[in-house]
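One letter stands for each residue in the lines below.
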Amino acid sequence: LIQYYRKPKTKRAKRFLEKREPKLKENTKNAMLIKGGNANLTVTEVLKDIYAVKKPFAVLYKKKNITRPFEDQTSLEFFSKKSDCSLFLFGSHNKKRPNNLIIGRMFDYHVLDMVELGIEKFVSLKDLKNSKCPEGTKPMLIFAGDMFDVNEEYRRLKSLLIDFFRGPTVPSIRLAGLEYVLHFTAVDGKIYMRSYKVLLKKSGCKIPRIELEEMGPSLDLVMRRTHLASDDLYKLSLKQPKALKPKKKKNISHDVFGTTYGRIHMQKQDLAKLQTRKMKGLKKRPADKSAEDGGVSPKKSKSA
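Conventions adopted
Residues numbered from 1 in each chain as written. Predicted model: local features only at pLDDT ≥ 70, side-chain atom pairs only at ≥ 80, totals over all residues. Heavy atoms only, no water. Helix = DSSP H or I, 4+ residues; strand = E, 2+ residues; numbered from the N terminus. Rg over C-alpha atoms; globule rule 2.2 N^0.38 Å. Buried < 20%, exposed > 50% of the residue type's maximum accessible area, 1.4 Å probe, protein only. Contact = heavy atoms within 4.5 Å. Areas by Shrake-Rupley, 256 points an atom, 1.4 Å probe, with all protein chains shown as cover. Polar contact = N/O pair within 3.5 Å; in protein donor to acceptor, adjacent residues only side chain to side chain. Expected span 1.5 Å × (residues − 1). Core = buried A, V, L, I, M, F, W, Y, C linked by side-chain atoms within 4.5 Å. Salt bridge = Lys/Arg side-chain N within 4 Å of Asp/Glu carboxyl O. Pairing = 2+ DSSP bridges. Phe/Tyr/Trp six-rings, centres within 6.5 Å; stacked < 30°, edge-to-face > 60°.

J.: Explain the overall build of the protein to me, and be specific about the residues and the numbers.
T.: The number of helices and strands found in the protein is seven helices and 12 strands. Relative to its length of 304 residues, the protein is extended, with a C-alpha radius of gyration of 33 Å against a globular reference of 19 Å. Projected onto its principal axes, the C-alpha coordinates of the protein cover approximately 125 × 65 × 45 Å. Within the protein, the proportion of its 304 residues that are buried is 29%. When contacts within the protein are restricted to residue pairs at least 6 apart in sequence, those whose partners lie at least 24 apart make up 66%. Carbon together with sulfur atoms contributes 54% to the accessible area of the protein, which is approximately 22,800 Å² in total.

Here is the structure:
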């Protein structure tokens, strides 16, 4: 198919297209939250709470969309391209799969991974009457359970959850900014999601005492269907441009303790021309200079 490229007519359109161009360091991934055609109140509240956690890197579609991601993915890909979102969360409800969530991610505006989760228990942000974290707080992610390391489906789900909730990449962290924890536990075929606010209490020393206060939302989930990318496509999505790869440094090695050793190659030096420290005691006397020349210098006669 031949695609016709239309040049932007305004500076605003030009800036809009430049933001979507490929970059060496990509922008923070945005997520779109979509309601299905038959979403109930529980699914709607879950989408609203996760949107509150993800803001400002999320888009919430309030209208219902009649689509089935496991059967037809064209509508999701259309919304992804329209809103420039590479992550999505789709909520639906029916008799066969009640309180259903589908979490997934895109690669080149096509569905890469997709996992279907069933909601068994839900506690919203409104149900817990306590202070909340401010909007845009970057969470600390904790994963507990052997299934996240042993099972391939759970391992891919862990990678998907990290992509979804990690937020922006920051160069430095301050202690007071570590105030939000998302904890995921996989045990007995279920996944428990809990969110906590970190409280820094006085401890009488430099390091504060840390307490966790449940903030919400909290979800008890069970895995249903999965749609995972092939190994070749998954490796292609992880490929980095050559400009970002660190250059190999020659003649440098590290020991067990992390000490860096470097090997330097130097040309042969002429030690006779080596510049030493200048001291009065090391200066050559006139007699020594004449001896080196091979003759005796006559004494100067005093002028009358």
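After that view of the structure, there is still more to cover.
J.: Now, about the side chain of Thr137: what can you tell me, with residues and values included?
T.: Relative to the elements of secondary structure, Thr137 occurs in the loop between strand S5 (110-123) and strand S6 (140-144). For Thr137, a relative accessible area of 14% puts it in the buried group. Reaching out from Thr137, the side chain makes a polar contact with the backbone oxygen of Pro134 at a distance of 2.6 Å. Filtering out sequence-adjacent residues up to four positions away, Thr137 remains in contact with Gly177, Glu179 and Tyr180.

J.: Before we move on, could you go through helix H5 (residues 152-165) and cite the residues and values that matter?
T.: Between its first and last C-alpha, H5 extends 20 Å over 14 residues, near the 20 Å set by a 1.5 Å rise per residue. Among all positions in H5, only Tyr154, Arg156, Leu157, Leu160, Leu161, Asp163, Phe164 and Phe165 are buried. Among the residues of H5, the N-terminal cap falls to Asn151, whose side-chain oxygen and the backbone nitrogen of Glu153 are separated by 2.8 Å. Phi turns positive, to about 80 degrees, at Gly167, one or two residues after H5.

J.: Got a sec to walk through the nonpolar core? Specific residues and values, please.
T.: In terms of nonpolar packing, the biggest core is built from 35 residues, with Ile103 and Phe165 touching the most fellow members. Ranked by residue count, the leading element in this core is H5, at six residues. Apart from residues lying up to four places away in sequence, Phe165 is in contact with Ile50, Val53, Pro139, Leu141, Leu182, Phe184 and Met193. Tyr61, Ile102, Met106 and Met114 belong to the second largest nonpolar core, which has 12 residues in total.

J.: Any details on the pattern of salt bridges? Residues and values, ideally.
T.: Per the counting criterion, the structure on display carries 14 salt bridges. Linked by salt bridges that have partners in common, Lys29, Arg105, Asp113, Glu152, Arg155, Arg156 and Asp163 make up one network.

J.: Could you give an account of the pairing of strand S4 (residues 100-107), naming the residues involved and the relevant values?
T.: Among the eight residues that make up S4, seven are buried, leaving the element largely enclosed by the rest of the structure. Bridge count for strand S3 (residues 87-92) against S4 is six bridges, and the pairing is antiparallel. Pairing of Leu89 across the sheet is with Ile103, part of S4. As paired strands, S4 and S5 are joined by eight bridges and run antiparallel to one another. If you follow Ile103 over to S5, its bridge partner there is Val115. What sits between the antiparallel neighbours S4 and S5 is a turn of two residues, in which Asp108 has the positive phi angle 60 degrees.

J.: I'd like a description of the packing of aromatic side chains, backed by residues and values.
T.: Within the structure shown, the criterion is met by seven aromatic pairs. Relative to Phe79, the ring of Tyr61 lies with its centre 5.1 Å away and its plane at 50 degrees, an arrangement referred to as tilted. On the criterion of sequence distance, the pair formed by Tyr61 in strand S2 (residues 58-65) and Phe79 in helix H3 (residues 74-83) is long-range, its members being 18 residues apart. There is no split in this pair, since Tyr61 and Phe79 are both buried. Measuring from ring centre to ring centre gives 6.0 Å for Phe165 and Phe184, while their planes differ by 40 degrees; the resulting arrangement is tilted. Of this pair, Phe165 sits in helix H5 while Phe184 sits in strand S7 (residues 180-187), and the two are 19 residues apart along the sequence. A relative accessible area of 6% places Phe165 in the buried class. Looking at Phe184, the relative accessible area reads 2%, which means it is buried. Linked through ring pairs, Phe143, Phe148, Tyr154, Phe164, Phe165 and Phe184 together constitute an aromatic cluster.

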